Amino acid sequence: MFKVNTQNLTAERGNAPKEMRGLGVESLRNLQTVLTTQQLIDTDHVNIEYWPDTVVEQSIEPSQKFGDEVSELDLDNKTILVSLSVLDKTAEELEEDRKASIPSVITKHQAMVALRKAGKKQQIRDFLKADGNEDANDAFDYKTHFNRGSEFISALAPALGMTDLDVDNLFLAASLID
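Residues numbered from 1 in each chain as written. Predicted model: local features only at pLDDT ≥ 70, side-chain atom pairs only at ≥ 80, totals over all residues. Heavy atoms only, no water.

Novice: Explanation requested: the pairing of strand 1 (residues 2–5) in the structure shown.
Specialist: It is a general feature of regular strands that their side chains alternate between the two faces of the sheet. As paired strands, strand 1 and strand 2 (residues 10–13) are joined by 4 bridges and run antiparallel to one another. Looking at the pairing, Val4 lines up with Ala11 of strand 2. Taken together, strand 1 and the strand that follows it, strand 2, pair antiparallel across an intervening segment of 4 residues, in which Leu9 is found at a positive phi of about 55°. (Pairing = 2+ DSSP bridges. Helix = DSSP H or I, 4+ residues; strand = E, 2+ residues; numbered from the N terminus.)

See below:
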């Protein structure tokens, strides 16, 4: 509900005064015609009407965010259209969104398919064989899941020439595999 001054066309969010609560929208709209001018002056309701608000449905792009509330008087329908301003996200916010979309865990099946599609599966096997680290070999062969933040992934990625972004993209691609 908005309190609207119909003389200067200003509006502010707020409830109707206590004595007017419970009245329907039409009753509130017709209040000025029911009361005499003197009564309006005495009760401090000159040029004041209470209009309902209508929330405007909005959609935004992933690179945008909602900002402050914006209200617009719809004089024809005696309502207040309420929407939110739309802002572009900062580079930091976009990076946070990207990081939030990266799964923290993928299954062995997802990892193997994604690695094969990226041309890295055999490269990993060759590296692990040459390295001779039995624990790393066992981890690769027998793990059922791979954690993005694990020491295994952190140590393996640079050895294969993969950046953090490459690993993120691999995990993201893997998460889409059923």
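From this point, things continue past the structure.
Novice: Just to check I follow, could you spell out the sheet that holds strand 2 for this structure?
Specialist: Hydrogen bonds between backbone groups are what pair the strands of a sheet, and the pairing can be parallel or antiparallel. On the basis of which strands lie adjacent, the open sheet formed by 3 strands has the order 2-1-3 and antiparallel pairing. The outermost strands of the open sheet, each flanked by one partner alone, are strand 2 and strand 3 (48–51). When strand polarity is set aside, the average angle formed by the axes of neighbouring strands in this sheet is 25°. Here 4 bridges tie strand 1 to strand 3, and the two strands are oriented antiparallel to one another. Across the sheet, residue Asn5 finds its bridge partner in strand 3, namely Ile48. (Axes fitted to C-alpha atoms, helices over the stretch in contact; angles between N-to-C directions.)

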